[in-house]
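Chain and residue survey
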Amino acid sequence: MSQVTRPPHAPTEHPKIARGKTGVLLANLGTPDDYSYWPMRRYLNEFLSDKRVIDYPAWKWQPLLQLIILTKRPFSSGKAYESIWDKENGESPLMVITKEQTTKIAETLTERHGDHVMVDFCMRYGNPSTISKVREMVAAGCERILFFPLYPQYAGATTATANDQFFRALMKEKWQPAARTVSAYFDHPAYIEALAQSVEASYAMQPERPELLVVSYHGMPKRYLMEGDPYHCQCQKTTRLLKERLGWDDTELRTTFQSQFGPEDWLQPYTVEEVARVAAEEGKKSIAVIAPAFSADCIETLEEINEEIKESFEHAGGEHFLYIPCLNADQAHVGALCDIIDENLGGWVS
């Protein structure tokens, strides 16, 4: 428990300071506060103005973004969000799931370490902001913060920009806590095991085994790979390790990439095109799709995969489409994340 006291030998007018905690700050991409026009526009503006996401020169990109994209896209994106919005909680599924993950992780870490560890979450874009949560942790007495971007595979546009924002938050603190960041965990045995268990459980519930498992990752421009981003290689390794854990051969699953945006060539094959091809050219009538790059279901999985990509497969002649949900707050996933956290807390907690 942190204690709010004056430092030893300090004068009586010295402010009291909370001390003694270790913070674990989980981070995910973010979500608009609502699916109406202005919340969508604010969210998209923050996201698409990030130089880690769109690295075109500002003089070229910002007029296009502000005058064209942000006048139209909030409407189409808002409709997509509305189709998956959690009306009961009044939040996006990503927010609901991240809160549940945070609660379960906090409970597990409390069991392991008592109340010396404070667990919270932030979003890179939208609310709650990284800066606000770092401020809360420092005020609560966190002398150390472990920052954990919930992206299994590293990419500049996800992991790096989350870390960038964390470091910006630290720049605002008079008394900075010690800080660590968690590396990508694309090949961590507990993560691979949780993925495999989710596939086995989903397949066990089907009357007939799907003919193919499509392992779909979020895409990025191919240029980023050529410039040194390791994302593509880490995705391929995740698929290989999942295949080996399941005991399958190469014909039973394949890697694809979704969510391409803009005129550049992105990592291929594109999921939306590949599912149509396997139906039309390979004659497969039954497939399953899993999205290992996402730690929680969101617009890219619930709307893009389970609606757009499913429609592409069925329009090409496919009949049975199974979407395997993200690991979300599944206990095996929570256990894996807590194991990774503990490995990174070495020397900070007992």
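Our subject is the structure listed above.
Residues numbered from 1 in each chain as written. Predicted model: local features only at pLDDT ≥ 70, side-chain atom pairs only at ≥ 80, totals over all residues. Heavy atoms only, no water.

Turning our attention to the packing of helix α9 (residues 271–280) against helix α10 (residues 299–315). It is the contact of α9 with α10, at a shortest axis distance of 7 Å, that shows an interaxial angle of 25 degrees. Overall, the two elements α9 and α10 adopt an arrangement that is roughly parallel. Two packed elements cross with a definite hand, and for α9 against α10 that hand is right-handed. Contacts between α9 and α10 involve Thr271, Val272, Val275, Ala276, Val278 and Ala279 from the first element and Ile309, Ser312 and Phe313 from the second. The class makeup of the residues in the contact of α9 with α10 is seven nonpolar, two polar and no charged. (Axes fitted to C-alpha atoms, helices over the stretch in contact; angles between N-to-C directions. Helix = DSSP H or I, 4+ residues; strand = E, 2+ residues; numbered from the N terminus. Parallel < 35°, antiparallel > 145°, perpendicular 65-115°, else oblique. Left-handed = near helix turned anticlockwise from the far one by under 90°. Contact = heavy atoms within 4.5 Å. Nonpolar A, V, L, I, M, F, W, Y, C, P; charged D, E, K, R; others polar.)

Further remarks concern a nonpolar patch on the surface. On the surface, Leu64, Leu67 and Ile68 cluster together to form a nonpolar patch covering roughly 290 Å² of accessible area. Tracing the sequence through the fold places Leu67 in helix α2 (residues 58–84). With a relative accessible area of 65%, Leu67 lands in the exposed category. (Patch = residues over 30% accessible without salt bridge, like charges linked within 9 Å, V, L, I, M, F, W, Y side chains within 5 Å. Areas by Shrake-Rupley, 256 points an atom, 1.4 Å probe, with all protein chains shown as cover. Salt bridge = Lys/Arg side-chain N within 4 Å of Asp/Glu carboxyl O. Buried < 20%, exposed > 50% of the residue type's maximum accessible area, 1.4 Å probe, protein only.)

Let's shift gears to the pairing of strand β4 (residues 117–126). Judged by how many residues are buried, β4 sits mostly within the fold: ten of ten residues are covered. Sheet topology places strand β3 (residues 21–31) next to β4; nine bridges connect them, and they run parallel. Bridged to Val24 within β4 is Val119. (Pairing = 2+ DSSP bridges.)

The next thing to look at is the side chain of Glu300. Tracing the backbone shows Glu300 in helix α10. Buried charged residue Glu300 carries no salt bridge. Nearest counter-charge: Arg73, at 7.6 Å. (Lys, Arg positive; Asp, Glu negative; His and termini not counted.)

Pro128 follows Asn127 through a cis peptide bond whose omega is -5 degrees. Of note, Pro128 is situated in the loop between β4 and α4 (130–139). With an omega dihedral of 5 degrees, the bond running from Gln268 to Pro269 counts as a cis peptide bond. Position of Pro269 among the secondary structure elements: in the loop between β8 (253–258) and α9. Although it is not a glycine, Ser259 adopts a positive phi angle of roughly 65 degrees. Considering the arrangement of structural elements, one finds Ser259 in the loop between β8 and α9. Residue class for Ser259 comes out buried when judged on its relative accessible area of 14%. Notably, Asn328 is not glycine yet its phi reads approximately 50 degrees, a positive angle. Considering the arrangement of structural elements, one finds Asn328 in the loop between β10 (320–324) and α11 (331–344).

Taken together, the buried positions of α4 are occupied by Thr130, Lys133, Val134, Met137 and Val138. Taken down its axis, α4 places every buried residue within 140 degrees of arc, on the same side. (Arc of directions from axis to C-beta.)

With that settled, consider the packing of aromatic side chains. One pass over the full model with this rule turns up 15 aromatic pairs. Relative to Phe261, the ring of Trp61 lies with its centre 6.5 Å away and its plane at 85 degrees, an arrangement referred to as edge-to-face. Remark: Phe261 occurs in the loop between β8 and α9 and Trp61 occurs in helix α2; sequence separation between them is 200 residues. Note on Trp61: relative accessible area 7%, which makes it buried. Ring plane angle 75 degrees and centroid distance 5.6 Å describe the contact between Phe148 and Tyr185, whose orientation is recorded as edge-to-face. (Phe/Tyr/Trp six-rings, centres within 6.5 Å; stacked < 30°, edge-to-face > 60°.)

Shape descriptors only; they carry no functional weight alone.
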